[in-house]
Amino acid sequence: MGGLLQALVGVSEKAAELARLCRREEPLFQLLVAEKTGPDRNRRFLQDFKTLADVLIQEVIKHDLGKEFPELQGHIHGEESNEFRDGVAGGTVAVRVCATREDTVALLLSVLGPEQAAAELLADAVHRDVVLGDVVLAGAEPDVSPRDLAVWIDPIDSTNEYIGGREDVTPVDGIAPAGLCSALVLVGAFDRLSGHPILGVINEPFFRRDPQTRRWQGRYHWGVAHGDTRLCSLSPPDPHPVPRVVLSRAEGAAVRGALGPLCGGRLHFAAGAGYKMLCVILGL
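Residues numbered from 1 in each chain as written. Predicted model: local features only at pLDDT ≥ 70, side-chain atom pairs only at ≥ 80, totals over all residues. Heavy atoms only, no water.

- Where an unreviewed UniProt entry is consulted, the protein chain appears under the name INPP phosphatase, with the organism given as Pachyramphus minor.
- Heading Cofactor (unreviewed entry) of the UniProt record for the protein chain holds this comment: "Mg(2+)". (UniProt positions renumbered as here; feature names shortened; annotations may be inferred.)

Structure follows, in structure tokens:
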């Protein structure tokens, strides 16, 4: 396997740091939260920045995994198109990770226009190496070749909550009904032929704030399911005496009516498919 699970966790950590960076650094944050409409919509930059952040995270994961595992190139997929308008030369430009930091800055400026500071901050993060100190990961690699696998990426699941950035949402029975904590990075590897999942990583970029620095800290969870191997970074949760259901507030009355009786009416609501799955995994 050659450390693919470690690589998946590593790229999820770089992705999480990019997500935090866009909310922490003022030149990026101002672009992220800009909500202009009509003729003023794109005066500062040529494309929706939150889409660019999503795409850049996706392309960083694709680049880093493809560089370490050439067998995966062409088999790493994401939900975002990397084609953007080029405000310098006209036409379109494919957002990607270039060979050097300077080249990446230049490419980002073709999309961001005059936002030099934002382009440099992003390029620095893109070209920064991530070092993991997780010794448990090394012993969890399943015996499967990368040439048999493909990868799917959701760079920032629950994008609306990420943009909204609410930090004051009170959890209900441990489940946050909304807010920044539900914005996750999701990476999964699956068998190319059968589609069966083999490896999965859920990264929580906004798990908690450091009490001294007030900076956000993240955490990640991983799992392996291959052959007889079933490994997970989490211990199985204790069962609840009464079942709970977590679903989207957008679900209609028919769905709520069908699920309510299964849990004594204890319906919980949350944003993001990934966060709802994590609530199940954590036993909430």
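After that view, the rundown keeps rolling.
**Observations concerning the side chain of histidine 268**
Thought 1: Here histidine 268 is to be found in strand 10 (residues 267–269).
Thought 2: Reaching out from histidine 268, the side chain makes a polar contact with the backbone oxygen of arginine 266 at a distance of 3.3 Å.
Thought 3: Once residues lying within four places of it in the same chain are set aside, the contact partners of histidine 268 are Val172, Asp173, Ile175, Arg244, Val245, Val246 and Leu247. (Helix = DSSP H or I, 4+ residues; strand = E, 2+ residues; numbered from the N terminus. Polar contact = N/O pair within 3.5 Å; in protein donor to acceptor, adjacent residues only side chain to side chain. Contact = heavy atoms within 4.5 Å.)

**Here's the deal with the layout of surface pockets**
Rolling a probe over the atoms, with the probe sized like a water molecule, indicates the empty space that remains.
Thought 1: What the largest pocket holds in volume is close to 440 Å³.
Thought 2: Contributing to the lining of the largest pocket are 19 residues, with Lys14, Asp64, Glu68, Asp129 and Val130 lying nearest its centre.
Thought 3: Contributions of two or more residues to the lining of the largest pocket are made by helix 1 (4–24) and helix 3 (49–68).
Thought 4: The greatest single-element share of the lining of the largest pocket, amounting to five residues, is contributed by helix 1.
Thought 5: Partitioning the lining of the largest pocket into residue classes produces eight nonpolar, five polar and six charged.
Thought 6: When its volume is computed, the second largest pocket comes out at roughly 380 Å³. (1 Å grid on protein atoms, 1.4 Å probe; cavity = no way out; pocket = protein on both sides within 12 Å on 5 of 7 lines; lining within 4 Å. Points joined across faces, edges and corners; volume = space filled by probe spheres on them. Nonpolar A, V, L, I, M, F, W, Y, C, P; charged D, E, K, R; others polar.)

**Some points on the UniProt feature "binding site: Mg(2+)" (unreviewed entry) in the protein chain**
Thought 1: The UniProt feature table records "binding site: Mg(2+)" (unreviewed entry) at Glu79, Asp154, Ile156 and Asp157. The greatest C-alpha distance among the residues just named is 10.5 Å, despite their covering 79 residues of sequence, which places them together in space. Set against the second largest pocket, the annotated residues named above that line it are Asp154 and Asp157.
Thought 2: Within the element layout of this structure, glutamate 79 appears in the loop between strand 1 (76–78) and strand 2 (83–85).
Thought 3: With relative accessibility at 44%, the residue glutamate 79 sits in the partly exposed group. (Buried < 20%, exposed > 50% of the residue type's maximum accessible area, 1.4 Å probe, protein only.)

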